[in-house]
Amino acid sequence: MADLQEPLVRPKRKKVLVDYLVKFRWILVIFVVLPISALIYFNIYLGDVWSAMKSEKRRQKEHDDNVQKVVKRLKQRNPKKDGLVCTARKPWIAVGMRNVDYKRARHFEVDLSAFRNILEIDRERMVAKVEPLVNMGQITRATCPMNLALAVVAELDDLTVGGLINGYGIEGSSHLYGLFSDTVVAVEVVLADGRVVRATKDNEYSDLFYGIPWSQGTLGFLVSAEIKLIPIKEYMRLTYTPVKGSLKEIAQGYCDSFAPRDGDPAKVPDFVEGMVYTENEGVMMTGVYASKEEAKKKGNKINCVGWWFKPWFYQHAQTALKKGEFVEYIPTREYYHRHTRCLYWEGKLILPFGDQFWFRFLLGWLMPPKVSLLKATQGESIRNYYHDNHVIQDMLVPLYKVGDALEFVHKEMEVYPLWLCPHRLYKLPVKTMVYPEPGFEHHHRQGDTSYAQMFTDVGVYYAPGAVLRGEEFNGALAVHRLEQWLIENHSYQPQYAVSELNEKDFWRMFDASHYEHCRQKYGAVGTFMSVYYKSKKGRKTEKEVQEAEAAILEPAYADEA
């Protein structure tokens, strides 16, 4: 796309009842969702405190007992009479926006709700051993006072270890460490036949270790993980740099912010992210860990962005467009969760006045609403409205194609702000579901190394410009076009998002070979639903799912059309 094309001009859309239900949904959010969310968060916090008071030995004993309960439950299943196996978690509890309609088909439930404890923080090995329902807020609360952190800490408090490993997780440090799953040292998995195995990259279960990421829990039940820790400091020295120009120029400014053209590693920051506010303006943020002594030196500005009355982070960063580049120090844990209070910028749609000072001061301490409660209270009509008139997608694209991706989103969706976050995609011993472009190491492009290709997450979260102007917008068609663009450009779509892919295109985007090898070898076929059907949009009948599980995936699905 050589020249930036203007977004399509669409006819006006007639308003219907659901438009008003969405417009005034803030009433339900303020008086029901926010208070209940606060109680749930407080209850979770008490549970975390109680868990932390237990000895490591006791936590491990409880973990082992709970694993045996899972094994016992699996062995109670009659494959001829019972449905496919899945967790007992309610469909609306997941943070992702796709509908987990696979649970509407008959299924055999296994309860994993007890697996929410940090089992061990091993300072010598620099590894945290945790259960799958441990979330990011819980683990940073435990590790940051020790000046330790996971190598990759996803921004939202509610995101769980299990979801980030079985699915997809990224943070501002991913240009150094890769995706969340790349920082995992070992996984403990209960297989379909009840065996409990520990998989690492170099033991007898190494194929399972590489197969788990992106599998969405369809190879077995993840019951614990050992994850890499890194030393950190008390503050993040954050530099805000405005970039103005065309989308291609903004993309180049983003690349230059963390991938120096001379390859000097001293110029690579600890954290990086970009936000594109319009087709001509963006702000790039680079962070370096800093000690308490440095942060409190005279003349340095400390900004505690986590306080409930503070401006929402994305709006605070936007001020760099007017006042120019500036530097400030943010407490590290508050920086990790900088997007939690306003759910990036989705909070503006949920509560149109939520960013106003009076609301932040009076009720900001109740933020954010729990995503699971938002989903539980939206109803079928509102859920369908969001699918048609809203976009929550991530595009994982090679770094050198970021400019093209930004232009595509502007033309097809016109969604702003956009989130940019780089990550390494490693060249692994096996070809997993996601993999770098073949031969990337020979091109020596900006940000690439001999062992990893630099990709970028382009986060597209908000109502499209057409919807905000009251025009017609076909969300399903827009997502379909986005997915075809991703396939054509060796790019990926995280499975938490609403997808319009058919089975053939799904396996054009992802590689099936190693995943299917693991499903066959570890007995997942006929026990766990395949990842495509688990991600597929719409209701699934028991017959449809069972027939899909009985069939062996055609090799042609992995071929180019």
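Reading guide: rules and limits
- Residues numbered from 1 in each chain as written.
- Predicted model: local features only at pLDDT ≥ 70, side-chain atom pairs only at ≥ 80, totals over all residues.
- Heavy atoms only, no water.
- Domains from an automatic or database assignment.
- Contact = heavy atoms within 4.5 Å.
- Buried area = accessible area lost by both parts, 1.4 Å probe.
- Helix = DSSP H or I, 4+ residues; strand = E, 2+ residues; numbered from the N terminus.
- Buried < 20%, exposed > 50% of the residue type's maximum accessible area, 1.4 Å probe, protein only.
- Polar contact = N/O pair within 3.5 Å; in protein donor to acceptor, adjacent residues only side chain to side chain.
- Core = buried A, V, L, I, M, F, W, Y, C linked by side-chain atoms within 4.5 Å.
- Axes fitted to C-alpha atoms, helices over the stretch in contact; angles between N-to-C directions.
- Parallel < 35°, antiparallel > 145°, perpendicular 65-115°, else oblique.
- Left-handed = near helix turned anticlockwise from the far one by under 90°.
- Nonpolar A, V, L, I, M, F, W, Y, C, P; charged D, E, K, R; others polar.
- Lys, Arg positive; Asp, Glu negative; His and termini not counted.
- Salt bridge = Lys/Arg side-chain N within 4 Å of Asp/Glu carboxyl O.
- UniProt positions renumbered as here; feature names shortened; annotations may be inferred.
- Pairing = 2+ DSSP bridges.

## Observations concerning the domain arrangement of the chain
Phase 1 of the analysis: Segmentation of the chain into domains returns domain 1 (56-229), domain 2 (233-337) and domain 3 (382-499).
Phase 2 of the analysis: Computed over C-alpha atoms, the centres of domain 2 and domain 3 are 22 Å apart.
Phase 3 of the analysis: Taken together, the contacts link 19 residues of domain 2 with 18 residues of domain 3.
Phase 4 of the analysis: Carbon and sulfur atoms supply 69% of the area that domain 2 and domain 3 bury against each other, a total of about 1600 Å² over both sides.
Phase 5 of the analysis: When the buried area of domain 2 at its contact with domain 3 is split by residue, Leu247, Tyr254 and Val276 rank highest and sum to 34% of it.

## Observations regarding the side chain of Arg338
Phase 1 of the analysis: By the secondary structure assignment, Arg338 is in the loop between α12 (332-336) and α13 (347-350).
Phase 2 of the analysis: You can call Arg338 buried: its relative accessible area is 5%.
Phase 3 of the analysis: A distance of 2.7 Å separates the side chain of Arg338 from the side chain of Glu273, its partner in a polar contact.
Phase 4 of the analysis: In this view, Arg338 contacts Glu155, Glu171, Glu273 and Phe313; residues no more than four positions away in its chain are not counted.

## As for the nonpolar core
Phase 1 of the analysis: In terms of nonpolar packing, the biggest core is built from 147 residues, with Leu208, Tyr240 and Met395 touching the most fellow members.
Phase 2 of the analysis: With residues near it in sequence (within four places) discarded, Leu208 still touches Val189, Leu191, Val197, Ala199, Leu219, Cys518 and Tyr522.
Phase 3 of the analysis: Listed in part, the 15 residues of the second largest apolar core include Val67, Phe108, Phe115 and Phe221.

## A few points about the environment of Val196
Phase 1 of the analysis: For Val196, the location among the structural elements is in strand β7 (residues 196-199).
Phase 2 of the analysis: Sequence-wise, Val196 and Val71 are 125 residues apart; in three dimensions their C-alpha atoms are separated by 8.1 Å.
Phase 3 of the analysis: When residues no more than four places from it in sequence are discounted, the contact partners of Val196 are Val67, Val71, Glu188, Val189 and Val190.

## Re the packing of helix α17 (residues 402-412) against helix α19 (residues 475-488)
Phase 1 of the analysis: Remark: α17 packs on α19, axes separated minimally by 11 Å, with the N-to-C direction vectors making an angle of 165°. Considering their axes alone, α17 and α19 lie roughly antiparallel with respect to each other. Considering only the axes of α17 and α19, their crossing is right-handed. Listed contacts from α19 to Asp404, Ala405, Phe408 and Glu412 of α17 are Arg481, Leu482 and Trp485.
Phase 2 of the analysis: A per-class count over the contact of α17 with α19 returns four nonpolar, no polar and three charged.

## Quick look at unusual backbone geometry
Phase 1 of the analysis: Residue Pro368 follows Met367 across a cis peptide bond; omega there is 0°.
Phase 2 of the analysis: If you trace the backbone, Pro368 turns up in the loop between α14 (357-363) and α15 (371-376).
Phase 3 of the analysis: Residues other than glycine seldom take positive phi values, yet Met126 does so here, at roughly 55°.
Phase 4 of the analysis: Locating Met126 in the fold gives a position in the loop between β3 (118-122) and β4 (127-130).
Phase 5 of the analysis: Residue Met126 is classed as partly exposed on the basis of its relative accessible area of 23%.
Phase 6 of the analysis: In this model, His490 sits at a positive phi of 45°, which is unusual for a non-glycine residue.

## Digging into the side chain of Arg77
Phase 1 of the analysis: Tracing the chain through its elements places Arg77 in the loop between α3 (56-75) and β1 (84-87).
Phase 2 of the analysis: In this structure, Arg77 is buried with no salt-bridge partner, the nearest side chain bearing the opposite charge being Asp82 at 5.6 Å.
Phase 3 of the analysis: Ignoring sequence-local partners within four residues, the contact set of Arg77 consists of Asp82, Gly83, Leu84, Val85, Phe108, Gly526 and Thr527.

## As for the UniProt feature "transmembrane region" (unreviewed entry) in the chain
Phase 1 of the analysis: The feature "transmembrane region" (unreviewed entry), as given by UniProt, occupies residues 26-50 in the numbering adopted here.
Phase 2 of the analysis: Structurally, residues 26-50 is divided into 100% helix and 0% strand, and its ends, taken at the C-alpha atoms, are 34 Å apart.

## Points about the pattern of salt bridges
Where charged atoms of side chains with opposite charge meet at close range, the side chains can pair.
Phase 1 of the analysis: Applying the stated criterion to the full structure yields 27 salt bridges.
Phase 2 of the analysis: One salt bridge in this structure joins Asp207 and Lys521, with 2.8 Å as the shortest N-O distance. Here Asp207 is found in helix α7 (residues 206-211), whereas its partner Lys521 is found in helix α21 (residues 513-521), with 314 residues between them in sequence.
Phase 3 of the analysis: Residues Glu328 and Lys301 are paired through a salt bridge, measuring 3.9 Å at the closest nitrogen-oxygen approach. Note that Glu328 is positioned in strand β12 (residues 326-331) and Lys301 in the loop between α9 (292-295) and α10 (313-318), a separation of 27 residues in sequence.
Phase 4 of the analysis: Overall, Glu328 belongs to the buried group, its relative accessible area being 0%.

## Quick look at the pairing of strand β13 (residues 391-398)
Phase 1 of the analysis: Most of β13 sits inside the fold, with eight of its eight residues counted as buried.
Phase 2 of the analysis: With eight bridges joining them, β13 and strand β15 (residues 452-462) adopt antiparallel strand pairing. Residue pairing across strands places Met395 opposite Val458, the latter belonging to β15.

## Remarks on α17
Phase 1 of the analysis: Counted residue by residue, α17 has 10 buried out of 11 residues, so it is predominantly covered.
Phase 2 of the analysis: Taken as a whole, α17 has its buried residues at Val402, Gly403, Ala405, Leu406, Glu407, Phe408, Val409, His410, Lys411 and Glu412.
Phase 3 of the analysis: For α17, the secondary structure elements touched by its buried residues are α8 (247-258), β13, β14 (418-426), β15 and α19.
Phase 4 of the analysis: The first or second residue beyond α17 is Glu414, which carries a positive phi of 50°.

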